[in-house]
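# Overview (structure and organization)
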Amino acid sequence: MTIRLPDSRGGLRAYEPRTEPLALTPGAPFTSRTVFSAAHVVADPYADVSPDSPAAVDWDATLAFRRHLWSHGLGVAEAMDTAQRGMGLDWAGAAELIRRSAAEARAVGGRIACGVGTDQIAAGSLAEVRAAYEEQLAVVEESGAQAILMASRALAAAASGPEDYLEVYGHLLRQAAEPVVLHWLGPMFDPALEGYWGSSDLDAATDTFLEVIAAHPDKVDGIKVSLLDAQREIDLRRRLPQGVRCYTGDDFNYPELIAGDEKGFSHALLGIFDPLGPLAAEAVRVLDTGDVPGFRALLDPTVELSRHLFQAPTRFYKTGVVFLAWLAGHQSHFTMVGGLQSARSLPHFARAYELADGLGLFPDPKLAEERMRNLLALYGVAQ
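To start, this report covers the structure provided alongside it. Computed from a prediction, not measured in an experiment: that's the story for all the values here. (Residues numbered from 1 in each chain as written. Predicted model: local features only at pLDDT ≥ 70, side-chain atom pairs only at ≥ 80, totals over all residues. Heavy atoms only, no water.)

Turning our eyes to something else, we now look at the overall build of the chain. Scanning the chain for helices and strands turns up 14 helices and 10 strands. Taken over the C-alpha trace, the chain has a radius of gyration of 20 Å; the compact-globule value for 383 residues is 21 Å, and the two agree within 12%. By its C-alpha atoms, the chain is 60 × 50 × 45 Å across when sized along the principal axes. The proportion of buried residues among the 383 residues of the chain is 57%. Summarising the internal contacts of the chain: among those between residues at least 6 apart in sequence, 70% fall at separations of at least 24. By element, 51% of the accessible surface of the chain is carried by carbon and sulfur atoms, the whole surface being about 14,900 Å². Of the charged side chains in the chain, 33 are positive and 50 negative, and the gap between their average positions amounts to 3 Å. (Helix = DSSP H or I, 4+ residues; strand = E, 2+ residues; numbered from the N terminus. Rg over C-alpha atoms; globule rule 2.2 N^0.38 Å. Buried < 20%, exposed > 50% of the residue type's maximum accessible area, 1.4 Å probe, protein only. Contact = heavy atoms within 4.5 Å. Areas by Shrake-Rupley, 256 points an atom, 1.4 Å probe, with all protein chains shown as cover. Lys, Arg positive; Asp, Glu negative; His and termini not counted. Charge placed at Lys NZ, Arg CZ, Asp CG, Glu CD.)

Moving on, we get to the packing of aromatic side chains. Going through the model one piece at a time under the given rule, you end up with 20 aromatic pairs. Measuring from centroid to centroid gives 6.4 Å for Trp-184 and Trp-197, while their planes differ by 80°, and the two rings are edge-to-face. Residue Trp-184 is located in strand β7 (residues 180-185), and its partner Trp-197 is located in the loop between β7 and α6 (202-215); the two are separated by 13 residues in the primary sequence. Taking the relative accessible area as the measure of exposure, Trp-184 reaches 2% and is therefore buried. An aromatic cluster of at least three residues, connected via ring pairs, comprises Tyr-133, Tyr-165, Tyr-169, Trp-184, Tyr-196, Trp-197 and Phe-209. The lysine or arginine in question, Arg-33, covers the ring of Phe-265, its NZ or CZ lying 3.5 Å from the ring centre. (Phe/Tyr/Trp six-rings, centres within 6.5 Å; stacked < 30°, edge-to-face > 60°. Lys NZ or Arg CZ within 6 Å of the ring centre and 35° of its normal.)

Looking now at the pattern of salt bridges. Scanning all chains against the criterion turns up 20 salt bridges. The salt bridge partner of Glu-96 is Arg-100, with a shortest N-O separation of 2.9 Å. With Glu-96 and Arg-100 both in helix α2 (residues 91-108), this residue pair falls four residues apart, about one helical turn. Glu-96 sits in the partly exposed class, given a relative accessible area of 32%. On the basis of relative accessible area, Arg-100 is assigned to the partly exposed category, the value being 34%. Across the salt bridge formed by Glu-369 and Lys-366, the nearest N and O atoms sit 4.0 Å from each other. Highlighted residues: Glu-369 and Lys-366, both in helix α14 (residues 365-378), separated by three residues, approximately one helical turn. (Salt bridge = Lys/Arg side-chain N within 4 Å of Asp/Glu carboxyl O.)

As a further point, take the pairing of strand β8 (residues 220-226). Burial runs high along β8: seven of the seven residues are buried. Bridge count between β7 and β8: six bridges; the pairing is parallel. Across the sheet, residue Leu-182 finds its bridge partner in β8, namely Ile-223. Read from β7 through α6 to β8, the crossover connection turns out right-handed. Of the pairings in the sheet, the one linking β8 to strand β9 (residues 245-248) comprises four bridges and is parallel in character. When the sheet's bridge partners are listed, Ile-223 is paired in β9 with Cys-246. (Pairing = 2+ DSSP bridges. Right-handed = clockwise from strand over helix to strand, strands pointing away.)

What follows concerns the nonpolar core. In terms of nonpolar packing, the biggest core is built from 119 residues, with Leu-155, Tyr-169, Leu-182, Tyr-196, Phe-273, Phe-323 and Tyr-353 touching the most fellow members. No other element matches helix α13 (residues 346-359), which puts eight residues into this core. In this structure Tyr-353 touches Ile-3, Leu-5, Tyr-15, Pro-17, Phe-323, Leu-327, Phe-362, Ala-368, Glu-369 and Met-372, once residues within four positions along its chain are discounted. Grouped together as the second largest cluster of nonpolar side chains are 10 residues, Ala-38, Ala-113, Tyr-247 and Leu-269 included. (Core = buried A, V, L, I, M, F, W, Y, C linked by side-chain atoms within 4.5 Å.)

Moving on: the side chain of Arg-130. Residue position: Arg-130 is located in helix α3 (residues 126-143). A polar contact of 2.9 Å, which involves the side chain of Arg-130, links it to the side chain of Glu-167. (Polar contact = N/O pair within 3.5 Å; in protein donor to acceptor, adjacent residues only side chain to side chain.)

Moving on to the packing of helix α5 (residues 162-175) against α6. Where α5 contacts α6, the axes come no closer than 10 Å and their chain directions differ by 30°. Of the possible angle classes, the one that applies to α5 and α6 is roughly parallel. When the axes of α5 and α6 are compared, the crossing they make is right-handed. On the side of α5, the interface is formed by Pro-162, Tyr-165, Leu-166, Tyr-169 and Leu-173, while α6 contributes Thr-208, Glu-211 and Val-212. Classifying every residue of the contact of α5 with α6 by side-chain character gives six nonpolar, one polar and one charged. (Axes fitted to C-alpha atoms, helices over the stretch in contact; angles between N-to-C directions. Parallel < 35°, antiparallel > 145°, perpendicular 65-115°, else oblique. Left-handed = near helix turned anticlockwise from the far one by under 90°. Nonpolar A, V, L, I, M, F, W, Y, C, P; charged D, E, K, R; others polar.)

Spatial relationships are all this shows, so hold off on functional conclusions.
What follows is the structure, given as structure tokens:
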């Protein structure tokens, strides 16, 4: 049977859902790449909250989704942008998420790294920004997780130039107990981060970023780059000190960046690997055998879906990620913290469903179709 889906021109088109999912099962740990999926949080649909209330989280469903990712060999990047940090999830909620997920990781043997930011303050002096970072770093280190030093809105507002970034990051790296991941999130993901590293000139910003790393290479496990510019990432990773990894955060160009070239490759820390988890894991295991064409054959077809979910305004990609988790049966509802389920249009959802179904991402295609029909009915689309 066909399902009628709305298109971007205000009409309806017929789509015939697939009947069988892609056959994907958990497998061995990866050997050639380190791969993290940034994971979303599941809202509590029964909580009586408003969009500006503290997040009400369904902890059972949230942790179950992390176990799903770990079962396929993926690491979990916790309390990151994908978990709606600064877009529905405040620091108190993030701190609880970090503690709970880190404990779950220890229990099941999963790899976890957690975001360290400054979102307990809206703004402040450089000293206050440092203190906020220190508070969050302590929480992550006490949990036993690896730290990811995230870009800070408060630092972007307080810094007067590159020297302030050098001072703040240098201070944090000197006191970090273990090597951290440095995260460069571009303004397409968060407009408040425009001019990060002290300049809107990306070449100048890159030089400052590399200066931070060069001063403390023993404290930097790697960098996570989310600029949606493949060539810039390639150029940057070729300038990294020996032993410092590049984790791609490029949700537009990840297959080619992970595959790499004769001069190197990127590891991965990606929001798109939340909905793609099992398929991405299978592709990396193929890459582990040295079969680059086989890896690309599995992952290249997913780029159209990723570019759709991450289309401008890019920061609302989380809505599509949670929508697909609902269709896939990882949660019982399509509700998000902060009410962010309203951030994308019905035609956007329809295209996301069509692309994900075509890839075989839904373990139960019939369930996904039924849920899509329910959403269409809610919007008044007759079948």
